[in-house]
Amino acid sequence: MAPGPTQMELCTPIRDLSDAVLRRLRINDTTVSCMVFSSGAAGHQCATVLKTLPSENPFTIEVVRFVMPLESNLGDTSSHWANFTAVLYPSDLLKAAMAFWRDTGSGLSTRHAEFCLEEFDYLDSDSSTPAYRTPASRKRCRGKTLESLIWIWLYPEIVDVVRRGTWAECLSYKYGTEEELDLLEALLQSSIVFHDPRTAEHFYNVFNVCKGSSFGTNFTLAIPYVQLANYWNQDKVAKHGVPRHIVRISVGLEDSRQIVETVKRALKSEDEFEMKKDLN
């Protein structure tokens, strides 16, 4: 029998951030593990799933939110990208937690985890459990500029492109509450769902963008998410609300009109394909 998934399957920055959470919360018990998510909604969904499963460990599953306090908040969008959610759970549920992380694709990305690690000492932790409410160990001087923080978050060569391009307004997102960040995530990452695999395949083939699994690039990408990330578990992802025939699009920094036109052409071709299929 093949061994189950382990925490080592996660990339180093994600493991390091999880370890930092456990150290901050003074959890030295090796029977407790941590999974990190960019949004509170994903963290709570993971916790809800894990709470339905049997465990020999009496540890209570907890959701802990790490947030930038007002005194260290620069008053810009970038500070809020350091916020993340951690789920603490018994290690004997690791296989289920990894399955949720893999099947939903809602876990923290490697580059996002690196950024959160850089800002970790400036974050407060908040939880329904008082023991997990901890203050940040460092406070930021408000003299630090938005420009310097953007250079940390983005590749340097991308910054000028963003400022000059049609996506510059993305840098002026002002608030960053949990609900607003979930909305922003939905706006920046879209999905096109097909109920017929033949239609999905046709759209993917004619959609003239780069195809690949890395969502850390500055150009638009498309992937058949379930087939690529969950090929051997396609029947299981539906329980997490992930459609089986889904084309996931990560919007890049190209001219927005170019991206829209590319999508329109692919959808038009898909409509023509549907009409021919109906005639046959």
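Residues numbered from 1 in each chain as written. Predicted model: local features only at pLDDT ≥ 70, side-chain atom pairs only at ≥ 80, totals over all residues. Heavy atoms only, no water.

As recorded in an unreviewed UniProt entry, the chain goes by the name Cystathionine gamma-synthase, listed as coming from Aspergillus arachidicola.

Asks: How should the overall build of the chain be read in this particular structure?
Replies: Per the secondary structure count, the chain includes 11 helices and eight strands. A separation of at least 24 residues holds for 74% of the contacts in the chain among residues at least 6 apart in sequence. As displayed, the chain has an accessible area near 15,400 Å², and 56% of this comes from carbon and sulfur atoms. (Helix = DSSP H or I, 4+ residues; strand = E, 2+ residues; numbered from the N terminus. Contact = heavy atoms within 4.5 Å. Areas by Shrake-Rupley, 256 points an atom, 1.4 Å probe, with all protein chains shown as cover.)

Asks: Would you mind going over helix α5 (residues 110-119) with me for this structure?
Replies: Each turn of an α-helix holds 3.6 residues, which means side chains three or four residues apart point in the same direction. Restricting attention to buried positions, one finds in α5 the residues H112, A113, F115, C116 and E119. End-on view of α5: buried residues confined to an arc of 160°, all on one side of the axis. (Buried < 20%, exposed > 50% of the residue type's maximum accessible area, 1.4 Å probe, protein only. Arc of directions from axis to C-beta.)

Asks: Just checking my understanding: could you explain the confidence of the model for the chain for this structure?
Replies: Segments scoring low in pLDDT should not have their predicted coordinates read at a detailed level. Taken as a whole, the chain shows an average pLDDT of 76; of its residues, 70% reach a score of 70 or greater. Within the chain, strand β3 (residues 84-90) carries the highest mean pLDDT (96), whereas helix α6 (residues 146-153) carries the lowest (33). Contacts from residues 142-160, a stretch scored under 50 in pLDDT, to residues over four places away or in other chains number 35 contacts. Low pLDDT, under 50, characterises residues 166-176; the predicted model gives this stretch 29 contacts beyond four residues in sequence or across chains. (pLDDT = per-residue confidence, 0-100.)

Asks: What's the story with the pattern of salt bridges in this structure? I'm lost.
Replies: Side chains that differ in sign of charge can pair as their charged atoms come close. A full pass over the atoms with the stated rule returns three salt bridges. The partner of D103 in a salt bridge is R102, and the shortest N-O contact between them spans 3.4 Å. Linking D255 and R257 is a salt bridge whose minimum nitrogen-to-oxygen distance equals 2.9 Å. Under the relative-accessibility criterion, D255 is labelled partly exposed at 28%. Taking relative accessible area as the criterion, R257 reaches 59% and is therefore assigned exposed. (Salt bridge = Lys/Arg side-chain N within 4 Å of Asp/Glu carboxyl O.)

Asks: How should the sheet that holds strand β4 (residues 124-126) be read in this particular structure?
Replies: By definition, the strands of a sheet pair up through backbone hydrogen bonds, in either a parallel or an antiparallel sense. Taken together, four strands build an open sheet; the order of strands is β1-β3-β2-β4 and the sheet is antiparallel. Two strands in the sheet have a free side with no partner beyond their single neighbour: β1 (32-37) and β4. Strand-to-strand twist across the sheet, computed as the mean angle between neighbouring axes with direction ignored, equals 25°. Here β1 runs beside β3; their pairing, made up of six bridges, is antiparallel. Its bridge partner being in β3, V36 is matched across the sheet by A86. (Pairing = 2+ DSSP bridges. Axes fitted to C-alpha atoms, helices over the stretch in contact; angles between N-to-C directions.)

Asks: When you look at unusual backbone geometry in this model, what are you seeing that I'm missing?
Replies: Both trends apply: most residues other than glycine have a negative phi, and most peptide bonds are in trans. Positive phi outside glycine occurs at R26, with the angle close to 60°. With respect to the element layout, R26 can be found in the loop between α1 (12-24) and β1.

Asks: What should I look at first to understand the packing of aromatic side chains in this one?
Replies: Between two aromatic rings, the relevant description is the distance of the centres plus the angle of the planes. For the structure on display, the rule yields five aromatic pairs. With centroids separated by 5.4 Å and ring planes inclined at 35°, the aromatic side chains of F66 and F120 adopt a geometry described as tilted. Of this pair, F66 sits in strand β2 (residues 62-67) while F120 sits in the loop between α5 and β4, and the two are 54 residues apart along the sequence. For the residue pair F66 and F120, the accessibility class agrees, reading buried in each case. An aromatic cluster is present here, built from F66, F84 and F120 joined pairwise through their rings. The ring of F120 carries the charged tip of R24 above its face, separated from the ring centre by 4.8 Å. (Phe/Tyr/Trp six-rings, centres within 6.5 Å; stacked < 30°, edge-to-face > 60°. Lys NZ or Arg CZ within 6 Å of the ring centre and 35° of its normal.)

Asks: How should α1 be read in this particular structure?
Replies: In this model, α1 (13 residues) spans 18 Å end to end at C-alpha, consistent with the 18 Å of a helix rising 1.5 Å per residue. Buried within α1 are the following residues: P13, I14, R15, L17, S18, A20, V21, L22 and R24. On its buried face, α1 is in contact with β1, β2, β3, α4 (94-104), α5 and β4. R26 sits one or two residues past α1 and shows a positive phi near 60°. (Expected span 1.5 Å × (residues − 1).)

Asks: I tried to follow the environment of F84 on my own but got confused; where do I start?
Replies: When you line up the elements, F84 lands in strand β3. Overall, the relative accessible area of 0% leaves F84 in the buried class. On a C-alpha basis, the gap between F84 and H112 in space is 9.4 Å, while along the polypeptide they are 28 residues apart. With sequence-adjacent residues up to four places away left out, F84 is seen in contact with L17, V21, V36, F37, S38, V64, R65, F66, L108, C116, F120 and L123.

Asks: Is there a simple way to explain the nonpolar core in this structure?
Replies: Burial of nonpolar side chains together is a common tendency in soluble globular proteins. Formed by 26 residues in total, the largest nonpolar core has its most connected members in V21, F66, F84 and L88. When contributions to this core are tallied by element, the ones reaching two or more residues are α1, β1, β2, β3 and α5. Grouped together as the second largest cluster of nonpolar side chains are 15 residues, C46, L50, I61 and L93 included. (Core = buried A, V, L, I, M, F, W, Y, C linked by side-chain atoms within 4.5 Å.)

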